[in-house]
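Commentary on secondary and tertiary structure
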Amino acid sequence: MFTDDAHTATLASWNASKHHPFIQALQAGTLPLSTFRYYLIQDHYYLQAFAKVHELAAQQTTDAAAAAQLRAGAQSLEDGEVANRQTFYRELDITPAEIAATPVAPTNYAYTSHLYRMLVTAGTPGAIAGLLPCYWLYAEIGAELARTGSPVPIYQTWIDTYTANDYTDAMTAQLALTNRVATPENTSALLAAFQKSSWYECHFWQMALDHETWQL
Ligand SMILES: Cc1ncc(CN)c(N)n1
């Protein structure tokens with residue numbers, strides 16, 4: 001199955017994400033709130049692009065079931081993760097003005113550009129494979145972190161987002177969709193899309209730890 005091969009091919013990168021200092025500090029409760037704020041603001045832009053790629057991929061395909069699944073995935077993102085973020089923004093006093101005044105950081109820019117690129121160069125199946133680590137890696141991270149939890153309530157709520165049934169159901173549906181659109185002809189392109197997204201996921205944590213900015 002495509003997703004088994006993709007998972008095996010990205011084990012090192014996924015382990016690096018799961019044990020990244022950002023994740024370890026979030027679990028220990030030692031992650032500075034300023035770093036979490038930085039992550040949330042950048043992730044606002046990431047999730048916007050993530051939803052947009054779902055919509056564009058749905059528009060681009062003639063596979064009605066795939067289009068419906070992509071739109072359902074985007075809706076579940078809106079209802080779950082994006083809705084939860086509004087609570088975080090209020091709690092941490094993150095305003096629309098602050099978000100608007102914050103540029104998309106280089107790693108985030110590169111990751112979201114990769115998702116759009118996959119749609120253009122590898123079509124809807126390429127976009128689906130590029131989107132999958134976002135669903136799946138966070139579900140695995142959530143499951144691991146939930147074993148001990150975090151002493152900081154807002155970090156615990158963040159963890160809970162990714163163990164919630166609506167999130168894991170959306171992830172399972174996306175796994176099935178990816179396996180359905182994978183063919184012997186497109187497997188290597190889909191694997192490359194998945195591997196690069198996994199690489200970007202790991203660098204996204206580092207971007208947040210570094211409070212990465214453009215040095216133009
Ligand atoms: C960068 C990134 N990757 C994945 C997720 C989980 N949907 C997220 N919120 N942000």
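Residues numbered from 1 in each chain as written. Predicted model: local features only at pLDDT ≥ 70, side-chain atom pairs only at ≥ 80, totals over all residues. Heavy atoms only, no water.

1. Describing the UniProt feature "domain: Thiaminase-2/PQQC" (unreviewed entry) in the protein
Heads up, the rule is: UniProt positions are given in the numbering used here, feature names are shortened, and annotations may be inferred rather than shown by experiment. Helical segments are the DSSP runs of H or I of at least four residues, strand segments are the runs of E of at least two, and each set is numbered from the N terminus.
Sites flagged by UniProt as "domain: Thiaminase-2/PQQC" (unreviewed entry) map to residues 13-210. Helix makes up 84% of residues 13-210 and strand makes up 0%, while its end C-alpha atoms are separated by 19 Å.

2. Brief notes about the nonpolar core
Selection rule: In this text, buried Ala, Val, Leu, Ile, Met, Phe, Trp, Tyr and Cys residues form a nonpolar core when linked through side-chain atoms within 4.5 Å. Buried residues are those whose accessible area, probed at 1.4 Å on protein chains only, stays under 20% of the maximum for their type, while exposed residues exceed 50% and partly exposed ones sit between those limits. In this analysis, two residues are considered to be in contact whenever any of their non-hydrogen atoms come within 4.5 Å of each other.
Core analysis: the largest hydrophobic core is formed by 69 residues, its most contacted members being Phe22, Leu26, Phe36, Tyr39 and Trp158. Counting residues per element, the ones that place at least two in this core are helix H1 (2-9), helix H3 (21-28), helix H4 (33-60), helix H5 (64-91), helix H7 (106-146), helix H8 (153-161), helix H9 (165-181) and helix H10 (187-210). When residues of this core are assigned to their parent elements, the largest contribution, 17 residues, is made by H7. Look past the residues within four positions of phenylalanine 22 in its chain and what remains in contact with it is Leu31, Thr35, Phe36, Tyr39, Trp205, Ala208 and Leu209.

3. Examining H10
Convention followed: To estimate how far a helix should extend, the number of its residues minus one is multiplied by 1.5 Å.
Between the first and last C-alpha of H10 there are 35 Å, a value that for 24 residues agrees with the 34 Å anticipated at 1.5 Å per step. Of all the positions in H10, only Leu190, Ala193, Phe194, Ser197, Ser198, Tyr200, Glu201, Cys202, Phe204, Trp205, Met207 and Ala208 are classed as buried. Taken from the residues just after H10, histidine 211 is the one with a positive phi, measuring 50 degrees.

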